Amino acid sequence: MDGLRACVHCGSCLPQCTTYRVLGEEMDSPRGRVYLMRAAAEGRAELTPRLARHLDLCLGCRACETACPSGVPFGQLLEATRAQLDRKRVRAPESAHGTLDWALSIFPHPDRLRALLRPLRWYQASGLRTLVRASRVLAPFKRLQAMEALLPRVPSGVASLPEVTAARGRRRGRAALLTGCVQRLFFPEINLATARLLAAAGWEVVAPRAQGCCGALHLHAGRLGEFRAMARELMAALGHDVDVVVTNAAGCGSALKEYGHWLGDESASRFAGLVRDVSELLVEAELPLGELRETVTYHDACHLAHGQRVRVQPRELLRRIPGLTLVELADSDLCCGSAGVYNLLEPEMAAELGRRKIEKIRETGARIVATGNPGCMMQIAQQAREAGLALEVKHPVTLLSGALREP
Ligand code: SF4
Ligand code: SF4
């Protein structure tokens, strides 16, 4: 409630708000949403499907937090209000609750996701995917079409990540690596690159196979009971006998760093205090990097820039690669439309934001865009394909690992 009262209605957040920039509606701005949430919290308004719709349209990107001079903790307020809406089963009829339930039953469960890999690989390799896209058979089913379009190439033949990677050179300590759900299955090379770089920086890397999900998607949807259960399991899997807990996925890292707030006990606060984005650790090391003659631009994932205030470190690391030219991207920290599973739930708004992002990337002239979140990678890659822009989307650690010269 104090967070809601902190809003002084100054409007500084409006020009930075992703949905306000597209819709121009006060109730789809941070100030309007805070007004609605406060009115509901003070009993002056009901939790109605209309109110729920304004909150469903919010990406949870937290650009408003960065802009707010009063320190309104918008992300936490949004998640708490979504939890109330969920408890009371208040739902906007226009919102995609079935898709959300489905996404939450699959994505945060690596075993269920893994079971899909084989049929998906066949779907892509057999030519069926080409046929489906060319025939536009999914066009009447907007959300299914969005899901199909976002699917990255299913990897095959990637070496598996060892549970322990030994440190090299001067030892800094022991790092537990969160391997992520989508990350470990669809982008395994990012986890391999992360472990390789951390080891070169002097960290012993432990990546227990038994680890589950951080619960970020459930948190953003206001499913706090399931989120807390997932968080406790993950802390038990990762939090013992390590100096740091490392993530390479912005959305996961942001959720982990807030475990103390949401779980409300000392062990969760202690765990949250250990969490670092991979760029925060690597920037402290001197890595032997060889030349990479590329022009690269950088997109700030919302939950890294706004959620964790990590902006400088990934840029600094990219600039250290000899031969690499880093070109700044206009509105780099404006959401690309991914926002967890938002692009499956609100495909039209997500596509509009994706198109805007691609136009800004096109203006840089860069052939590669780097970004530290798997959701952003999929969204930007898909939008670039749609726009006919030849663009590679890479995680910064993939570029760094490619440039790393082992002694
Ligand atoms: S989280 Fe993003 S979309 Fe939602 S109100 Fe804040 S800036 Fe706007
Ligand atoms: S910037 Fe902060 S204080 Fe000002 S209107 Fe937005 S949420 Fe309220």
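Residues numbered from 1 in each chain as written. Chains lettered and ligands numbered in written order. Predicted model: local features only at pLDDT ≥ 70, side-chain atom pairs only at ≥ 80, totals over all residues. Heavy atoms only, no water.

Caption draft 1: Broad picture of the site of ligand 2. Taken together, the residues surrounding ligand 2 are Cys7, Val8, His9, Cys10, Gly11, Ser12, Cys13, Arg31, Cys68, Pro69, Ser70 and Val72. More than half of the atoms belonging to ligand 2 lie within 2 Å of the grid points that define the largest cavity. Across the shell around ligand 2, the residue classes tally to seven nonpolar, four polar and one charged. (Near = heavy atom within 4 Å. 1 Å grid on protein atoms, 1.4 Å probe; cavity = no way out; pocket = protein on both sides within 12 Å on 5 of 7 lines; lining within 4 Å. Sits in = over half its atoms within 2 Å of the grid points. Nonpolar A, V, L, I, M, F, W, Y, C, P; charged D, E, K, R; others polar.)

Caption draft 2: Representation of the packing of aromatic side chains. Throughout the structure, instances matching the rule amount to three aromatic pairs. Centre to centre, the rings of Trp102 and Phe107 are 5.7 Å apart; their planes meet at 85°, and the pair counts as edge-to-face. The class of Phe107 is buried, set by a relative accessible area of 18%. Summarising the aromatic geometry, the rings of Phe227 and Tyr259 are spaced 5.8 Å apart at their centres and angled 70° between planes, so their arrangement reads as edge-to-face. (Phe/Tyr/Trp six-rings, centres within 6.5 Å; stacked < 30°, edge-to-face > 60°. Buried < 20%, exposed > 50% of the residue type's maximum accessible area, 1.4 Å probe, protein only.)

Caption draft 3: Geometry of the sheet that holds strand β6 (residues 295-298). Sheet architecture is open: four strands sit in the order β7-β6-β8-β9, paired in parallel fashion. Two strands close off the open sheet at either side, each with one partner strand: β7 (325-327) and β9 (392-394). Geometrically, the sheet is characterised by an average inter-axis angle of 35° between neighbouring strands, direction not taken into account. Docked against the sheet, helix α24 (residues 396-403) engages β6, β8 (368-370) and β9, running at close to 110° with respect to β8. (Pairing = 2+ DSSP bridges. Helix = DSSP H or I, 4+ residues; strand = E, 2+ residues; numbered from the N terminus. Axes fitted to C-alpha atoms, helices over the stretch in contact; angles between N-to-C directions. Contact = heavy atoms within 4.5 Å.)

Caption draft 4: Geometry of the layout of surface pockets. Computed from the structure, the second largest pocket encloses a volume of approximately 540 Å³. As for the second largest pocket, its lining consists of 22 residues, of which Gln145, Ala146, Ala149, Gln382 and Glu386 are closest to the centre. Of all elements in the fold, only α9 (128-135), α10 (142-150), α22 (347-364) and α23 (374-387) reach the threshold of two or more residues within the lining of the second largest pocket. Per-element tally for the lining of the second largest pocket: the top contributor is α10, with six residues. (Points joined across faces, edges and corners; volume = space filled by probe spheres on them.)

Caption draft 5: Geometry of empty space enclosed by the protein. Counted according to the given criterion, the structure contains three cavities of 30 Å³ or more. What the largest cavity holds in volume is close to 130 Å³. Considering the residues around the largest cavity, the lining is formed by 18 residues, among which Cys7, Cys13, Pro30, Cys68 and Val72 are closest to the centre. Of all the secondary structure elements, the ones that give two or more residues to the lining of the largest cavity are α3 (30-41) and α5 (63-67). Here the lining of the largest cavity is built from residues that sort into twelve nonpolar, four polar and two charged.

Caption draft 6: Quick look at helix α14 (residues 224-238). Spanning 15 residues, α14 covers 21 Å between terminal C-alpha atoms, matching the ideal 21 Å at 1.5 Å per step. Listed as buried for α14 are Leu224, Phe227, Met230, Ala231, Leu234, Met235 and Leu238. The buried residues of α14 occupy an angular sector of 135° when projected down its axis, which confines them to one face. The outward face of α14, more than 90 degrees from its buried face, is lined by the exposed residues Gly225 and Glu233. (Expected span 1.5 Å × (residues − 1). Arc of directions from axis to C-beta.)

Caption draft 7: Here's a closer look at the environment of Met147. Along the chain, Met147 falls in helix α10. Taking relative accessible area as the criterion, Met147 reaches 22% and is therefore assigned partly exposed. Through-space distance from the C-alpha of Met147 to that of Pro347 is 9.1 Å; in sequence the pair is 200 residues apart. Sequence-distant contacts of Met147, that is, excluding residues within four places in its chain, are made with Thr99, Trp102 and Leu344.

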